[in-house]
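# Residue-level structure breakdown
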Amino acid sequence: MVTRRSIAISCLLLTAAALTGCISKRVVEQPACAAFEPRLVEPSPVPPREEINVLALSAGGPWGGYGMGFLTGWSEVQEPAERRRPRFDIAVGISTGAIFVTHAFLGPEYDSVIRDQLYSMSTPRVFRRRSIPAILVSDSVADTQPLRRMLKQVITHELLDRVADAWLTEGRRLAVVAVDLDCGNPELLDLTALALQRDRPDRVARYIDYLMASSASPIAFPPVFVDGRMLVDGALRQHIPLPRQIVALLGEQAAASRRVNLYVIVNSPLMTTPDCVKDHVLLIALRTSDVWTGERSIDSVALAVLDAERRGWHARYVVASGVPCEPLPPADDYFNAGFMQCQYEHGRRAAVADESPWHEGLEGLPSAEDTDAAFPHPCAKR
């Protein structure tokens, strides 16, 4: 039966189809799929160290609270000595990890800033959902101006000076990963090189662009355009930074001649939480994305660990698993404040627990059998 609702939806779909024909192609002056500028190519201004400590912060959406809490708890650990939080010579973040990676890189003195930032986050402070007519003429379902305003409060010229000084006085580097959607490639965005351009008028704005690009989940959030190129969430290609990207910051020769300790904080339970999927094309599409994301996160960790071991690095990782924070945030309140704060406390407790939270090798990765054992079938009658 034809209803007013079905007629309205049909009209909206026809309008959307017509609008796509009116959208002109973008023109990018850069002729090749090449790296983004600025890039730091000069060798370190300080003598090389024998041991390099690398922090990799993963994607994870609202589960990112786990990593922020873990960093805070890690700062509190003093014994045994091998569990103390080191100074990070290199830090790389993706998606949620990119939002917090600057303060994590600069050290424990910024733990309170990270906590305040996390505890002030909520769905309205991250995105604003667009109306259906606006979605039809836009590039995303939501507007992320609230997140940009929040970042403007904590990403300052003074903070970028600290990032620049970390390179000049200590040889330490910072970056995030985004995906060039036109070329399909993961791109390393060099935050240190940008911070060193102290006289650049748009230094802070472009730095925030890089963080926003790394966390711009396609369709849900708008892409970020840098020099005309369309950048989206780095998690589209990988859940965590990979050793080959870290080597691009460290240099092949340096990576081969020094001891590298890779610390990966996985802001994800590395499993797809069961959900009774309703039989509708949009809901099936959303669930497909969830399952795909869960599998890609496991693959990314496995690839990173195996590649690190092949290079002779000491790789270890922690995972946001264990006691779950419930209920899981719904789609319309994805960055639920209570859920993220629960994850923060969960991560802090994991870091200070008597038993070491670190995994090595592939033994710490969950399997489908783990999911089967942990959850009943979500569509079963109760």
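Residues numbered from 1 in each chain as written. Predicted model: local features only at pLDDT ≥ 70, side-chain atom pairs only at ≥ 80, totals over all residues. Heavy atoms only, no water.

Another aspect to go through is the state of the cysteines. The full count for this structure, using the stated rule, is three disulfides. Here C276 engages in a disulfide with C379; their sulfurs sit 2.1 Å apart. Classification of the bridge connecting C276 and C379 rests on its S-S torsion, roughly 115°, and on that basis the disulfide is right-handed. Within this pair, whereas C276 is found in the loop between strand 9 (259–266) and helix 12 (281–310), its partner C379 is found in the segment after helix 14 (368–374), the two being separated by 103 residues in sequence. The exposure class of C379 is partly exposed, given its relative accessible area of 39%. (Disulfide = S-S within 2.5 Å. Helix = DSSP H or I, 4+ residues; strand = E, 2+ residues; numbered from the N terminus. Buried < 20%, exposed > 50% of the residue type's maximum accessible area, 1.4 Å probe, protein only.)

Next up on the list: the pattern of salt bridges. For the structure shown, the criterion picks out 23 salt bridges. Between E187 and R229 there is a salt bridge, with the nearest N and O atoms lying 3.6 Å from each other. Of this pair, E187 sits in strand 6 (residues 185–190) while R229 sits in strand 8 (residues 229–233), and the two are 42 residues apart along the sequence. Between R311 and D307 there is a salt bridge whose closest N-O contact spans 3.2 Å. With relative accessibility at 15%, the residue D307 sits in the buried group. When salt bridges with common partners are traced through the structure, they connect R49, R87, D89, E170 and R172 into a single cluster. (Salt bridge = Lys/Arg side-chain N within 4 Å of Asp/Glu carboxyl O.)

A separate point is the nonpolar core. Counting residues in hydrophobic clusters, the biggest one holds 65 residues, and the most contacted among them are F70, W74, I155 and Y207. What F70 contacts, discounting residues up to four positions off in sequence, is I265, V318, G347, R348, A350, A351, P357 and W358. Within the second largest apolar cluster, 32 residues are counted, among which are V54, V177, I298 and V319. (Core = buried A, V, L, I, M, F, W, Y, C linked by side-chain atoms within 4.5 Å. Contact = heavy atoms within 4.5 Å.)

Let us now look at the packing of aromatic side chains. Scanning the entire structure with this criterion turns up 13 aromatic pairs. With a centroid separation of 5.4 Å and an interplanar angle of 90°, the aromatic rings of F70 and W358 are classed as edge-to-face. Taken together, the residues F70 in helix 2 (residues 64–76) and W358 in the loop between helix 13 (337–352) and helix 14 connect sequence positions 288 residues apart. Residue class for W358 comes out buried when judged on its relative accessible area of 16%. Both rings, one in Y119 and one in Y344, keep their centres 5.5 Å apart while their planes meet at 90°; by these two values the pair is edge-to-face. Within this pair, whereas Y119 is found in helix 4 (residues 111–119), its partner Y344 is found in helix 13, the two being separated by 225 residues in sequence. Judged by its relative accessible area of 24%, Y119 falls in the partly exposed class. The lysine or arginine in question, R172, covers the ring of F105, its NZ or CZ lying 4.3 Å from the ring centre. The lysine or arginine in question, R173, covers the ring of W167, its NZ or CZ lying 5.7 Å from the ring centre. (Phe/Tyr/Trp six-rings, centres within 6.5 Å; stacked < 30°, edge-to-face > 60°. Lys NZ or Arg CZ within 6 Å of the ring centre and 35° of its normal.)

Another aspect to go through is unusual backbone geometry. The peptide bond linking E37 to P38 adopts the cis configuration, its omega dihedral lying at 0°. Following the sequence through the fold, P38 ends up in the loop between helix 1 (4–20) and strand 1 (51–57). For I219, which is not glycine, the phi dihedral falls at a positive 75°. Looking at where I219 falls in the secondary structure, it is placed in the loop between helix 9 (203–214) and strand 7 (224–226). At D227, a residue that is not glycine, the phi angle is positive and equals roughly 55°.

On their own, these measurements won't tell you what the molecule is for.
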